[in-house]
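# Notes for the structure review
Next come the chains, spelled out residue by residue.
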Amino acid sequence: MKIISLNIYGYGKITETELNTNQKFVQIFGENEAGKSTMQSFIHSILFGFPTRKEQEPRREPRMHNLYGGKLTVQFPDEPGPVEIERIKGKVQGDVKIYFHDGTVRSEDWLVKKLNFIDKKTYRSIFSFDVLGLQDIHKNMTEDKLQEYLLRAGALGSHEYDEMLSAIDAELKSIYKKNGINPKVNQELEEIADVNEKIKNLEQHEERYKTLINEQSKTEESLNAKKNALHQLETIRKQKMKEVMYHSDIKVWKSLEDKLNIEPVMFPEQGVERYEGLKNQSQQIQRDIGLRAEKLKSLKNEISLIDLPDKEHLACLERIQKREPDIKQKKLEVTRLNTAVETLGDDIHNLQKDIGWQQEHDDVDDSNIVKESVQTLLSKLDEAVLEEQYLIREIDHLKSDIRQLDQDIEHLEDSQIGEERLRIKKELMDREYELKEKEKMFKLIEKDYEREKRERNKVKRGQSVLIIGISVIALLIGIYYLFSSNWLMGGVFAAIGIVTLLLLMLTNQKEDESLKTDYQKEVRELEDIIDTIRRNNDVDFDINDARDLKMDLKTQNTKRISSNVKLEEMKEALSVKEALNDSLNTDLLNVKKNLRVNPDIENKYIVDAIHTIREIKQKRNQINRHKLEIDNIQKELREFKTEVKNDISSMDIQYDESSIFYDIKSTVSKMYKDQSHYTRLDDQIKLLENEINVLEERNSVSAQEVRKLLEYVDAEDEEEYYYYARKHEEYHDNVAKFKELTTKLDEEHFDYDSRNELSRFLLADLKEEEENISTQIEEFNSKIQHEQKALAEINSEIAGLESDGKLSELNHMFEMRKNQIQGLSREYMSLNYIRILIETHIKAIKDERLPIVIEEARSIFESVTRGRYINVIYDEDGIKVRHSNGQLFHPLELSQSTKEMLYISLRLSLIKALKGYYQLPLIIDDAFVHFDRERKKIIMDYLRNEVTDQVLYFTCNLDSSIPSQQTIKLKEKVK
């Protein structure tokens, strides 16, 4: 998943802010309190919900803004387009909507499933880390704690399992501890042992109490048995009372059953209603037939009085009527064309006045050739005028430039420096350069000379010591031989000693320093020469400035000559342009004469005059076309008039040009009305004839149906038919009543056999049985009261023995303590089982995930340490690292920076191992603030180039090596 952009409506101090993070690596830089931590919390809140009270984290609701929340635009690997996740204030964790690029909307359940059900705490512990996580490595950790911390970073990713195990261990120790005193179970066991001992002491004096308890138990069993028998008798009595109550219904049910055992009367379904309906229908049909016959006679008389119109006359009138719109349109067209001719004539008169014509000149040439030649002349004239104006402006500018050049040349001539002063200045600069070089050389030679002198003196001191030592030894040996009377050897050694001393004196002479003196003398001579030149000459100027002044003077003179030449050329070009303007104006005047327009109009309106001449000719041609159309239309109207007169001469219609179409329309309407009336009457006659036939058929069908109903019950007449109807109705009433009683008795649980049996009994016999059962119930009640009295006496005696209450109180206390111990034991076993499950799960995670994580961490650790450490090893003793020289190191033996690199490698390898489950962006909050420049560059290069997930790096120290397109700068603090 990659976060493309953040849109913060209102969160903490940040309001209405949008950031583009569509990069694989994004550096978000800002000073303290610029909003970096708020943005991290915003990302967590949008993905996992706003903080709740139990999370002990600020909700960061804005104080000066109405909206709370915002939107993340993210790209999932398996989605075709970007997805917008919006969370705003609503329920405790906010209301969430997920918008897709195709317009569909999903709920928070889709987001939770898409993130593979990871929660905020787990996301922070795996994909988000800061400088505090690295500092935890150096907090005086023992070997075991450091191993546990690194394993958690590589295998588990969070503290949750450790916290759960610690909480379970603490709870187990608070419940039970072997040889413990304070745990709950230990205390309960001690107390229940004391209670049990007290119970044993009291039970020795309670033999009578046990006997009474046995009698109490027996009496209660006997009493319960009698109560059960009494309950059964009560049930039997209730059943007898119900039998007495429903005995009359059972008798009626039995009599109906006997009546219904005969064969039922066959009668058609709804036979009476059908018979009466057919009878009424037949009478109504007879009345309808009579009414329709009278109506048919009247319609035939009316249709005989109507005359149908001639179809040829009707077609002729319709043809004339259809031409009405065309004739009217042609008359309107004649009127419109006459108006257009008048308007065009007025337009021609106005156009002639615009160009100065008194009459039309059809022979004037207004062709495109003339128009193009005029346009060409005007274009040349405009170009010539512009060039003339340009030359005048340039001549004025050039004269101004020449005046300025004259002033500059005069100023430069006054500022020039003579050749002699330049030569002396150059000689002085050469002497000064030579002096600097010699001083520099003298310092180098003096430095080397002093160093060599020190070395020579050191060698001389060594030689002197050696020679003095040899001479002293030789003199001592010579003196020894002289005292031993060995004069030869004594003299030889004495001579050696004296010669070495003389040699020492000769080698210790003072060194010659004439070279140093000569250099100093040359330097002083140069300094004197330089001082003499400065005193005798004015050399207080910059030679480069002097040379620049000479070059400037030469340049300005060259510009002056060039400007004079250019000015003469421009004047000559101006005279040529003025002659061209005169020629073009003459040509345009000739064009005006040929067009016979007013010669005083401006040249720029000549083309408009040509267009006006063309428009006059076009309007004249249009007038001629309109007149021709008017003649044609009037001819067609005359022909139509003649044709209509001939057609209506035989139809008794007078021709009137103003009302002819109205008269024809009225005549056609009357013809159509008569024809329609005749057709309508004819249709009504046919309809009535069809209806009479249908009614007669229906009357015949009804008579057949009546005969079938009588034949169905084998009745001769209507009276016999109604007799069978009453018999059929009586039978079905008995059936309905029988079913009703059967349902009622079934509901009271009287089956068929019990109903038959009860129907054979008399009501008096049933009442007698009920009285016998009541007598037995009274006897059982008497026995129960007697036994209850005996039980009360036994309970009274037991209560007297238990008056002090100690034994019952101790028994009650013993049971309570026992139940508490059992409950604590179950709780202890449950917690222990959960602890075993968690430890087994942690071991399974380590066994399955750690080899993959350790292998990936090895390559990462080798890369970020630049090959100094080549392997990360995990075995029974924990994690170790191998140096490039082959040595193994425990994490405690590593330096602070290397331990931090190892921790980062394990975290990154865990993220890679979980890539199949989670593909989420990494959030790093200034985790490398204590790294030196080289180590920070290594880890930043790895995060940018090797990590495949998106990395959001929040920092207050801007890394300039990261490109600007991957950097977001929060320039101002959020207010």
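Residues numbered from 1 in each chain as written. Predicted model: local features only at pLDDT ≥ 70, side-chain atom pairs only at ≥ 80, totals over all residues. Heavy atoms only, no water.

If you check an unreviewed UniProt entry, the protein chain appears there as YhaN AAA domain-containing protein from Salinicoccus sediminis.

For the rest of this paragraph, the subject is the overall build of the protein chain. What the protein chain contains, in helices and strands, is 25 helices and 14 strands. The C-alpha atoms of the protein chain give 67 Å as radius of gyration, which overshoots the globular expectation for 975 residues (30 Å, by more than 25%). For the protein chain, the spread of C-alpha atoms along the three principal axes comes to 195 × 160 × 50 Å. Evaluated residue by residue, the protein chain yields a buried proportion of 35% over its 975 residues. Expressed as a percentage of contacts within the protein chain between residues at least 6 apart in sequence, the contacts between residues at least 24 apart total 76%. Carbon and sulfur atoms make up 50% of the accessible area of the protein chain, which totals about 62,000 Å². (Helix = DSSP H or I, 4+ residues; strand = E, 2+ residues; numbered from the N terminus. Rg over C-alpha atoms; globule rule 2.2 N^0.38 Å. Buried < 20%, exposed > 50% of the residue type's maximum accessible area, 1.4 Å probe, protein only. Contact = heavy atoms within 4.5 Å. Areas by Shrake-Rupley, 256 points an atom, 1.4 Å probe, with all protein chains shown as cover.)

Another point: the packing of helix 12 (residues 324-355) against helix 18 (residues 606-648). Where helix 12 contacts helix 18, the axes come no closer than 9 Å and their chain directions differ by 160°. Here helix 12 lies roughly antiparallel to helix 18, going by the angle between them. Crossing angle aside, the handedness with which helix 12 passes helix 18 is left-handed. In terms of residue class, the contact of helix 12 with helix 18 is made up of 17 nonpolar, 7 polar and 10 charged. (Axes fitted to C-alpha atoms, helices over the stretch in contact; angles between N-to-C directions. Parallel < 35°, antiparallel > 145°, perpendicular 65-115°, else oblique. Left-handed = near helix turned anticlockwise from the far one by under 90°. Nonpolar A, V, L, I, M, F, W, Y, C, P; charged D, E, K, R; others polar.)

Moving on to the packing of aromatic side chains. The final tally for this structure, using the stated rule, is 12 aromatic pairs. With a centroid separation of 5.0 Å and 80° between ring planes, the pair formed by Phe100 and Trp110 is classed as edge-to-face. You can see Phe100 sitting in the loop between strand 6 (95-99) and strand 7 (105-106) and its partner Trp110 sitting in helix 2 (residues 108-114), a full 10 residues away along the chain. Both residues of the pair, Phe100 and Trp110, count as buried. (Phe/Tyr/Trp six-rings, centres within 6.5 Å; stacked < 30°, edge-to-face > 60°.)

Residues Leu466, Ile470, Leu488, Met489, Val492 and Ile496 make up a contiguous nonpolar surface patch of about 520 Å² in total accessible area. Elements with a contribution of two residues or more to the nonpolar patch: helix 14 (419-483) and helix 15 (487-507). Top contributing element to the nonpolar patch by residue count: helix 15, with 4 residues. For Leu466, the location among the structural elements is in helix 14. (Patch = residues over 30% accessible without salt bridge, like charges linked within 9 Å, V, L, I, M, F, W, Y side chains within 5 Å. Salt bridge = Lys/Arg side-chain N within 4 Å of Asp/Glu carboxyl O.)

So, about the pairing of strand 1 (residues 2-11). Extensive coverage of strand 1 is indicated by the burial of 9 of its 10 residues. Across 7 bridges, strand 1 lies against strand 4 (residues 69-75) in antiparallel orientation. Residue pairing for strand 4: Lys2 is matched across the bridge by Gln75. Where strand 1 hands over to strand 2 (residues 14-20), the hairpin turn is made up of 2 residues, of which Gly12 adopts a positive phi near 65°. (Pairing = 2+ DSSP bridges.)

This part is about the pairing of strand 6. Burial along strand 6 is one-sided: the face carrying Val96 and Ile98 is buried and the face carrying Asp95, Lys97 and Tyr99 is not. Relative to strand 6, strand 5 (residues 83-88) is paired through 5 bridges, and the arrangement is antiparallel. Paired with Ile88 across the bridge in strand 6 is Asp95. Hairpin connection, strand 5 to strand 6: the antiparallel pair is bridged by 6 residues, and Gly94 has positive phi, about 90°. Where strand 6 lies against strand 7, 2 bridges are found, and the strand directions are antiparallel. Among the inter-strand pairings, Tyr99 is bridged to a residue of strand 7, identified as Val105.

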